[in-house]
Structure formats: structure tokens, C-alpha cells
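The residues making up each chain are set out below.
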Amino acid sequence: MTVEEVLFDPANPVLGNKGGDLTIVEFFDYQCPYCKANHPILIDIVETDGNIQLVMKDWPIFGAQSVAAAQLALGAASLDQYDIANEALMATEGRFTEKLVRDSLAVTGLKVAALGEAYKTSRAKWNALMARNSSQATQLGLEGTPAFIIGTTLYPRSLDAEALREAVERGRA
């Protein structure tokens, strides 16, 4: 595993500025309460800054419903709708059920059946990506989500707004 493989795997969905001068990598699970609490803060910083590339490492570690949610989100990536699916799933409260995941995506206007088909069409690509993300997380010694790499520094925990801003500043230093 190289730094380049972790930071710039072209299969990982990217939010923010794809040509940004700073890369933030987030290992996350859609059911992780800390990931969900961090998400609005992270997105606000990425959008306000305007020059951050946010690499999303779907790492579904909270069971079958997390895997199913990640599969649908990656199906959305195949349809250039990952940002919508990601936002909807991160805003979904509570323990996931199949119905809750589908309803959360459908309310945004996404066609859940189309997301599932898009995932199935590229199943090998997306399964390989999730396996790489998991392998990288293991090699990095991550024990849970969220975990961030900002610049080249690993932050294996949730970061509040101030800590995240400071990490961005250090990443650019």
C-alpha cells in the first residue's frame, strides 16, 4: 500500500474540488453516529474552503445494512449521483433497515432500483474498492470510523470543527 493508492484511488468517489490543493480522505460507515455528526462540519469546511478534495472511503463495518447502503451509494456514483446519495444516507437517523435506507434515498428523487442496477453492473469494481478500503484501514491500524487523512497525517477519530480546521491548516503547511 502506498500513499498514492490511499489518497488518490480513482475508483473512490470524490466530493468538493476534484483539483483541490489539499486532499482529505475519510474512512466512514453510513451507520456510524460519529461519522454522521462529523459530516455536516466536514462538508461545511470543504465547501467554505473551496480548494479541498474530499475522498470518500466507504468502509461498511456496522453489518449487512451498512454494506447495502454503501452498495446503493456506489451505484449512485456510477450514475454521477454519489453526492446526493451520500448526503441522504448521512442524514438518516437511527439503525438502518432496508426500508429506511430505500426511503431515505427515494425522498431525494433518486431511483433506488436504478442505483441497485448500477451497482450490480459494476459489482466487481465496487466490491474491489470496498475490499481495498478495508485492507487500507487494517494496514493503517484503524479500529473504527470515522478516520481521516488530511494531507498525509492520519487522524483515527472524530474531529470537531476547530480540530478539523486546524488539521486543514497543518495539512497545507
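You'll find the structure just up there.
Cut-offs applied
Residues numbered from 1 in each chain as written. Predicted model: local features only at pLDDT ≥ 70, side-chain atom pairs only at ≥ 80, totals over all residues. Heavy atoms only, no water. Helix = DSSP H or I, 4+ residues; strand = E, 2+ residues; numbered from the N terminus. Polar contact = N/O pair within 3.5 Å; in protein donor to acceptor, adjacent residues only side chain to side chain. Contact = heavy atoms within 4.5 Å. Salt bridge = Lys/Arg side-chain N within 4 Å of Asp/Glu carboxyl O. Buried < 20%, exposed > 50% of the residue type's maximum accessible area, 1.4 Å probe, protein only. Pairing = 2+ DSSP bridges. Axes fitted to C-alpha atoms, helices over the stretch in contact; angles between N-to-C directions. Parallel < 35°, antiparallel > 145°, perpendicular 65-115°, else oblique. Nonpolar A, V, L, I, M, F, W, Y, C, P; charged D, E, K, R; others polar.

Visitor: What exactly am I supposed to notice about the side chain of N133 here?
Guide: Relative to the elements of secondary structure, N133 occurs in helix α7 (residues 123–139). Among the polar contacts listed, one links the side chain of N133 to the side chain of N12, at a separation of 3.4 Å. Residues contacting N133, with those up to four places away along its chain left out, are N12, F27, K57 and D58.

Visitor: Where do I start with the pattern of salt bridges in this structure?
Guide: Close approach of charged atoms lets side chains of opposite charge pair. What the rule picks out here adds up to six salt bridges. In this structure, R172 and D49 form a salt bridge, with 2.7 Å as the shortest nitrogen-oxygen distance. One end of the pair, R172, is in helix α8 (residues 161–172); the other, D49, is in helix α2 (residues 33–49), with 123 residues separating them in the sequence. A residue is classified by how much of its surface remains accessible, and R172, at 34% relative accessible area, is partly exposed. Note that K120 is salt-bridged to E117, the shortest N-O span being 3.9 Å. With K120 and E117 both in helix α6 (residues 112–121) and three residues apart, the pair spans about one turn of that helix.

Visitor: What's the story with the sheet that holds strand β2 (residues 22–28) in this structure? I'm lost.
Guide: By definition, the strands of a sheet pair up through backbone hydrogen bonds, in either a parallel or an antiparallel sense. The strand order β1-β3-β2-β4-β5 describes an open sheet built from five strands, whose pairing is mixed. Of all the strands in the sheet, just β1 (14–16) and β5 (153–155) have a single pairing partner and so form its edges. Averaged over all pairs of adjacent strands, the angle between strand axes in this sheet comes to 20 degrees, irrespective of strand direction. As judged from the seven bridges shared by β2 and strand β3 (residues 52–58), these two strands associate in the parallel manner.

Visitor: Would you mind going over the packing of helix α3 (residues 64–78) against α6 with me for this structure?
Guide: Two measures define how a pair of helices packs: the angle their axes make with one another and the distance between the axes. Where α3 meets α6, the closest approach of the two axes is 7 Å, and the angle between their N-to-C directions is 85 degrees. One finds that α3 runs roughly perpendicular with respect to α6. Contact with α3, carried on its side by Q71, L72, G75, A76 and S78, involves V112, L115, G116, A118 and Y119 of α6 and no other residues of that element. A breakdown of the residues in the contact of α3 with α6 according to their chemical character gives six nonpolar, four polar and no charged.

Visitor: Would you explain the pairing of strand β4 (residues 147–150) in this entry?
Guide: The side chains of a regular strand alternate between both faces of the sheet. Burial of the side chains of β4 extends over both faces: A147 and I149 are buried on one face and F148 and I150 on the other. The sheet contact formed by β2 and β4 spans four bridges and is antiparallel. Bridge pairing in β4 places I24 opposite I150. Direction of pairing for β4 relative to β5: antiparallel, over a ladder of three bridges. Note on β5: the bridge partner recorded for I149 is L154. Linking β4 back to β5 in an antiparallel pair, the connection comprises two residues, with G151 at a positive phi of about 70 degrees.

The quantities given are spatial measurements derived from coordinates; they are silent on function.
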